[in-house]
Amino acid sequence: MKIYLIGYMGSGKSTLGRILAQEQKMNFIDFDDYLEQKEGKKIKDIFEEKGEIYFRKRESTYLDLLLTGYPNTIIGLGGGTPCYGDAMERIKKADGTSVYINVGVPELTQRLWTEREQRPVLKHQETREKLEEFVRKHLFERSYYYNQAEVKILVNSKTVPELIKELNNTLF
């Protein structure tokens, strides 16, 4: 079995994926960590040194590796991973189940405000209002891809244990 967690940055894919993998005795891969390990650099450094186009090309290459191998694994994909090229089509055709972790804009804004320096696409948002506007627009653009997931989990202020229970009930 393989599960692909998708959703906007800050939606909790890594947190939920790690806990769910531990409970189900599965492996967990955080795609951002995987990509950084393969490239030998932090994502923010890749963006700064080589740009987003280079990053998206490498991201696509590493996605292929994850789609074809790694059985019994939960993979927390990057927020933009399913939204570029034919990535979502490849995810849907691959062995496994895609799950959209859907978090509302106000909650995402709150979560991302303190993390924006570590996230290349957010670091220029100087106020909460600008960040919220950016997240709202970005999420609207990406929702077309996210909503193609086989399973959709609406967060709406649910706790991590509540979400894990819902994921367990839905997937296993």
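Please refer to the structure higher up on the page.
### So, the pattern of salt bridges
Under the definition given, this model contains 15 salt bridges. For Asp33, the salt bridge goes to Arg18, with nearest N and O atoms at 3.6 Å. With Asp33 in helix H2 (residues 31-39) and Arg18 in helix H1 (residues 13-24), this residue pair connects regions lying 15 residues apart in the sequence. Judged by relative accessible area, Arg18 falls into the partly exposed class, the value being 42%. Across the salt bridge formed by Arg56 and Glu59, the nearest N and O atoms sit 3.0 Å from each other. In this pair, Arg56 and Glu59 both sit in helix H3 (residues 43-68), three residues apart, roughly one turn of the helix. Neither Arg56 nor Glu59 differs from the other in exposure class; each is buried. Among the charged side chains, a salt-bridge network with shared partners connects Glu52, Arg56 and Glu59.

### A closer look at helix H6 (residues 128-146)
Along its length, H6 shows its largest kink, about 35°, at Phe140. Every buried residue of H6 is listed here: Leu131, Val135, His138, Leu139, Arg142, Ser143 and Tyr146. Structurally, H6 contributes buried residues whose contacts are with strand S1 (2-6), H3, strand S4 (97-102) and helix H5 (105-113).

What counts as what
- Residues numbered from 1 in each chain as written.
- Predicted model: local features only at pLDDT ≥ 70, side-chain atom pairs only at ≥ 80, totals over all residues.
- Heavy atoms only, no water.
- Salt bridge = Lys/Arg side-chain N within 4 Å of Asp/Glu carboxyl O.
- Helix = DSSP H or I, 4+ residues; strand = E, 2+ residues; numbered from the N terminus.
- Buried < 20%, exposed > 50% of the residue type's maximum accessible area, 1.4 Å probe, protein only.
- Bend = angle between axes of the 7 residues up to and from the residue.
- Contact = heavy atoms within 4.5 Å.

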